[in-house]
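What follows is each chain in one-letter form.
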Amino acid sequence: MIYTDTRDSTVRVDFKTAVVNGMNAATGGLYMPVELPKLTSCVLNKTSEPSFREVAYESIKPFVEGEIPERDLQEIIMDAYPFNAHVVPLDPQSYVLELFHGPTCAFKDFGARFMARVMSYFNRGEDQPLHILVATSGDTGSAVGSAFHNVPGLDVTILYPEGRISPLQEKQLSTFTGNVRALRVAGTFDDCQKLVKTAFTDADLRERFRLSSANSINISRLLPQSFYYTYASLVVRHRSPRDNKVDNPAIICVVPSGNFGNLTSGLMAQRMGAPIEGFVAATNSNRTIPDWIATGNYRARPSIATLSNAMDVGAPSNYERMSSMFTLDEIRLNMASYWLDDAGTIEAIRSCHRRTGYIIDPHGAVAWQAWDDIRRGAMSRLADGMAGSPYQPGLTPSLPSWAKRVIDREAIGLILETAHPAKFGDTVCNAVGREPPLPDRLEKVLRLPDCSQPMSASYHSFKDWLINNL
Ligand SMILES: *Cc1c(COP(=O)(O)O)cnc(C)c1O
């Protein structure tokens, strides 16, 4: 597969280059495959439920062809995914796609674990390890740390702002040993990011070490996220004649979004032939994308802190990928959008629990509320010309091509649940009156000793530390 760049379509690189570079430093653009090949009919038209790993393998094959032989690719998939995505029925019109069954209980495990194995694969034969530097405000660091832990040839340093992440998140970051270590920086997330960025542009440092990032814009984190869209849409199509009494459902993926990597992966799966009718982009008060869809003006802005903090992004970097794949009009036909504030998020967790018995986390709750409003009248009011205000929480006034399928009750919502509710125990307890039980793998982490090391926010001391410790 050839990869090009969102800012310069004459760029031509292979998969390895796209993965190792992360982004194109020369243009500031993001890598994209030049085509999204259709999945084979033996994947798409199988008469029984597919297996996740089979879908994963068949989906990724064309993107690494000629660079990773089939046997090695099979091993990478097996090693990356000892866990599954779970499709759980919620009510007759909705399923939850649980993406939290990986080691850190968040969907980022799917992308990070594949990226780690691919980077390790491309680093074989090098005599020096590849040093990954990551600045994190929470979830990304733990997914990356866990994904790279004990992977040969790779070495990870995580920087996080001391006292500014949740105690559970801090435990998840600071208890690694071996090739992964955490620095607790006396400063903000922006300070952490600045240290990492300065290191990447420090010629002296780059001379001494092979440095790389594990950023969410890396194409090797995006492609594997398409696996669970394809898998889950095939599962829902298979089950819905029996479970939902709908033979040919319009499957609508409802995606709690921040940087829009997850949603972009869904758009890729749809292009590759997954039976997905459309999407709902669900955000918290960081509503840059809903505003863009409503008004046609893309206006990035500073982020606002919310209860669904992994979606607190005011300048979503994958906007650039979405708009390289589609025109705004095409996006509007394919994708509805919706936003919800914190008070609405608490109420969403509460009403989801009351009505279905399911305990959903604050990120998934935004998506659940979007779907619940859409199917209970918001879409038909919009079709009747009674649009809400884009300045109030709710559905954005822009009618997707699949609106009629919702109104005719032929649509099924697939709500992506991106984190385990126990990771946000306080918020969930506030809404439903009790804390969800902690999964064993999180409980274990709480008992491990903290191995983080202190770091000042000055570049000089960070650089000294790298030179003495890498
Ligand atoms: C990162 C994250 C998101 C947002 O995903 P994007 O790909 O940035 O849109 C949503 N929920 C959780 C729990 C996350 O960790």
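Residues numbered from 1 in each chain as written. Predicted model: local features only at pLDDT ≥ 70, side-chain atom pairs only at ≥ 80, totals over all residues. Heavy atoms only, no water.

Details of the overall build of the protein chain
When its secondary structure is counted, the protein chain shows 21 helices and 14 strands. Structurally, the protein chain occupies a C-alpha span of about 65 × 50 × 45 Å along its principal axes. Here the protein chain holds 470 residues, and the buried ones make up 59% of them. In the protein chain, the share of contacts with a sequence separation of at least 24, taken over all contacts with a separation of at least 6, comes to 76%. For the protein chain, the accessible area works out to roughly 18400 Å², and carbon and sulfur atoms hold 49% of it. (Helix = DSSP H or I, 4+ residues; strand = E, 2+ residues; numbered from the N terminus. Buried < 20%, exposed > 50% of the residue type's maximum accessible area, 1.4 Å probe, protein only. Contact = heavy atoms within 4.5 Å. Areas by Shrake-Rupley, 256 points an atom, 1.4 Å probe, with all protein chains shown as cover.)

Details of the packing of helix H16 (residues 342-356) against helix H19 (residues 425-432)
Put simply, H16 and H19 touch, their axes get as near as 8 Å, and they point 60° apart. In terms of crossing hand, the pair formed by H16 and H19 is right-handed. Of the residues in H19, those in contact with Ile346, Ile349, Arg350 and His353 of H16 are Thr427, Asn430, Ala431 and Val432. Looking at the contact of H16 with H19 residue by residue, the class counts come to 4 nonpolar, 3 polar and 1 charged. (Axes fitted to C-alpha atoms, helices over the stretch in contact; angles between N-to-C directions. Left-handed = near helix turned anticlockwise from the far one by under 90°. Nonpolar A, V, L, I, M, F, W, Y, C, P; charged D, E, K, R; others polar.)

Focus: the site of the ligand
Taken together, 15 residues sit near the ligand, with Lys108, Asp139, Gly258, Asn259 and Thr418 positioned nearest. Take Gly261: an N or O atom from its main chain is 3.1 Å from an oxygen atom of the ligand. When the residues that make up the shell around the ligand are grouped by side-chain class, the tally is 6 nonpolar, 7 polar and 2 charged. (Near = heavy atom within 4 Å. Polar contact = N/O pair within 3.5 Å; in protein donor to acceptor, adjacent residues only side chain to side chain.)

Thoughts on the pairing of strand E7 (residues 180-185)
Of all 6 residues making up E7, 5 are buried, and the element is well covered by its neighbours. As paired elements, strand E6 (residues 154-161) and E7 share 6 bridges and run parallel to each other. The partner of Leu159 across the bridge, within E7, is Leu183. In the classification by handedness, the crossover that spans E6, the intervening helix H7 (residues 167-174) and the parallel E7 is right-handed. Summarising the sheet, E7 and strand E14 (residues 453-455) pair through 3 bridges and their orientation is parallel. In the strand pairing of E14, Val185 is matched with Met455. (Pairing = 2+ DSSP bridges. Right-handed = clockwise from strand over helix to strand, strands pointing away.)

Looking at the sheet that holds E14
What the 5 strands build is an open sheet, ordered E8-E5-E6-E7-E14; its pairing is parallel. What marks the edges here is a single partner per strand, and that holds for strand E8 (210-212) and E14. On average, each strand axis in the sheet is inclined to that of its neighbour by 30°, with strand direction left out of account. H7 rests against E6 and E7 of the sheet, and its axis sits at about 155° to E6.

Quick notes on the pattern of salt bridges
Enumeration according to the criterion identifies 22 salt bridges in this entry. Across the salt bridge formed by Glu320 and Arg7, the nearest N and O atoms sit 2.7 Å from each other. Of this pair, Glu320 sits in helix H14 (residues 319-325) while Arg7 sits in the loop between strand E1 (3-5) and helix H1 (15-21), placing them 313 residues apart in sequence. Across the pair Asp291 and Arg287 runs a salt bridge, and its minimum N-O distance is 3.0 Å. (Salt bridge = Lys/Arg side-chain N within 4 Å of Asp/Glu carboxyl O.)

Quick notes on the environment of Ala85
Tracing the backbone through its elements, the reader meets Ala85 in the loop between helix H4 (70-80) and strand E3 (86-91). The sequence separation of Ala85 and Thr175 amounts to 90 residues, and the corresponding C-alpha distance is 26 Å. Each residue touching Ala85, except ones within four places of it in the same chain, is listed here: Leu97, Glu98, Leu99, Phe110, Tyr228 and Tyr231.

Here's the deal with the packing of aromatic side chains
Throughout the structure, instances matching the rule amount to 18 aromatic pairs. Judged by centre distance (5.9 Å) and plane angle (65°), the ring pair of Phe15 and Phe122 falls under edge-to-face. Linking Phe15 in helix H1 with Phe122 in helix H5 (residues 108-122), this pair joins segments that are 107 residues apart in sequence. Each residue in the set Phe52, Tyr81, Phe83, Phe110, Phe114, Phe227, Tyr228, Tyr229, Tyr231 and Phe279 is aromatic and connected to the rest through ring pairs, giving one cluster. The lysine or arginine in question, Arg271, covers the ring of Phe326, its NZ or CZ lying 4.6 Å from the ring centre. Note that Arg287 overlies the ring of Trp339, its terminal NZ or CZ placed 4.5 Å from the centroid. (Phe/Tyr/Trp six-rings, centres within 6.5 Å; stacked < 30°, edge-to-face > 60°. Lys NZ or Arg CZ within 6 Å of the ring centre and 35° of its normal.)

Details of the nonpolar core
Phe15, Phe148 and Tyr228 are the most contacted members of the largest nonpolar core, which has 96 residues in total. It is H5 that contributes the most residues to this core, 9 residues altogether. Once you skip the residues sitting within four places of it in the chain, Phe15 turns out to touch Met1, Tyr3, Phe63, Val64, Glu67, Ile68, Phe114, Val118, Phe122, Ile219, Ser220 and Leu223. Within the second largest apolar cluster, 38 residues are counted, among which are Val280, Leu340, Ile359 and Val432. (Core = buried A, V, L, I, M, F, W, Y, C linked by side-chain atoms within 4.5 Å.)

Describing the sheet that holds strand E10 (residues 278-283)
Two pairing modes exist for strands in a sheet, parallel and antiparallel, and in both the strands are linked by backbone hydrogen bonds. Across the sheet, which stays open at both edges, the 7 strands sit in the order E3-E4-E13-E9-E10-E11-E12 with mixed pairing between neighbours. A strand with exactly one partner marks an edge of an open sheet, and here the two such strands are E3 and strand E12 (394-395). In this sheet, E12 lies alongside strand E11 (residues 335-339) in antiparallel orientation, the contact comprising 2 bridges. Residue pairing across strands places Trp339 opposite Gly394, the latter belonging to E12. Seen against the sheet, helix H12 (residues 261-271) touches strand E9 (250-256), E10, E11 and strand E13 (411-417) and runs at an angle of roughly 180° to E10.

Remarks on the pairing of strand E4 (residues 94-98)
Within E4, 5 of the 5 residues are buried, which leaves it mostly tucked inside the rest of the structure. The turn linking E3 back onto E4 is made up of 2 residues. Strand direction decides the pairing type here: E4 and E13, joined by 5 bridges, are parallel. In the sheet register, Leu97 faces E13, and the bridge partner there is Leu416.

Focus on helix H11 (residues 225-243)
Taking 1.5 Å per residue as the helical rise, H11 with its 19 residues ought to reach 27 Å, and the 26 Å between its terminal C-alpha atoms agrees with that figure. Counting buried positions along H11 yields 14 of 19 residues, so the element is predominantly enclosed. A positive phi of about 55° marks Lys245, the residue just after H11. (Expected span 1.5 Å × (residues − 1).)

Points about the environment of Thr295
On the secondary structure map, Thr295 appears in helix H13 (residues 288-295). Looking at Thr295, its side chain comes within polar contact range of the main-chain oxygen of Asp291, at 2.8 Å.

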